[in-house]
Amino acid sequence: MELSPLGTMTITMGESVFMANVPSGTRLVIDFADIVVKGPRLDARKAPNSPAGDWLILGPGNVATLDIRMLRATRVTRGSIKCRASRAGRRPEKS
């Protein structure tokens, strides 16, 4: 199977909460005020008045796990999106 990008995701972050030394490790909870995905095969935005955010867990060995959830508004009513994150200006590595 060959993967091809759906588009570029732009996230406007809101408030964040840092919680050190909780049972699962260290958590950083970040609210997403707005999310826009633009590309040749997908044009979506965070659904109006809906919650969205990331629960980053920093565990043993400083390994970070992202748990990003959002409700999206798009012309496509069914489907699933799997994302890989990268820093701005960098492309995610192929797996």
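Further up the page is the structure itself.
So, here's what we can say about the structure. Computed from a predicted structure; not experimentally measured.

For strand E1 (residues 8–22) and strand E2 (residues 25–38), the ladder comprises 11 bridges, and the chain directions are antiparallel. Its bridge partner being in E2, Thr-8 is matched across the sheet by Lys-38.

What follows covers the pattern of salt bridges. Applying the stated criterion across every chain, the model contains three salt bridges. Among the ionic pairs, Asp-43 bridges to Lys-38, the shortest N-O distance being 3.2 Å. By relative accessible area, which is 49% here, Lys-38 ends up partly exposed. For the salt bridge of Arg-69 with Asp-67, the shortest nitrogen-to-oxygen distance reads 2.8 Å. Take Arg-69: its relative accessible area is 56%, and that puts it in the exposed class. You can call Asp-67 partly exposed: its relative accessible area is 31%.

What follows deals with the environment of Gly-7. Following the sequence through the fold, Gly-7 ends up in the segment before E1. The class for Gly-7 is partly exposed, based on a relative accessible area of 36%. Spatially, the C-alpha atoms of Gly-7 and Lys-38 are 5.1 Å apart, while their sequence positions differ by 31 residues. Non-local contacts of Gly-7, meaning those with residues more than four positions away in its chain, are made with Lys-38 and Gly-39.

For Asn-21, which is not glycine, the phi torsion reads 60 degrees and is therefore positive. Secondary-structure assignment places Asn-21 in strand E1. With relative accessibility at 72%, the residue Asn-21 sits in the exposed group. Positive phi, close to 55 degrees, is recorded for Asn-49, a residue that is not glycine.

As a further point, take a nonpolar patch on the surface. A cluster of nonpolar side chains, namely Met-9, Ile-11 and Met-13, defines an oily patch on the protein surface of about 260 Å² accessible area. With respect to the helices, strands and loops of the structure, Ile-11 is situated in strand E1.

Parameters at a glance
Residues numbered from 1 in each chain as written. Predicted model: local features only at pLDDT ≥ 70, side-chain atom pairs only at ≥ 80, totals over all residues. Heavy atoms only, no water. Pairing = 2+ DSSP bridges. Helix = DSSP H or I, 4+ residues; strand = E, 2+ residues; numbered from the N terminus. Salt bridge = Lys/Arg side-chain N within 4 Å of Asp/Glu carboxyl O. Buried < 20%, exposed > 50% of the residue type's maximum accessible area, 1.4 Å probe, protein only. Contact = heavy atoms within 4.5 Å. Patch = residues over 30% accessible without salt bridge, like charges linked within 9 Å, V, L, I, M, F, W, Y side chains within 5 Å. Areas by Shrake-Rupley, 256 points an atom, 1.4 Å probe, with all protein chains shown as cover.

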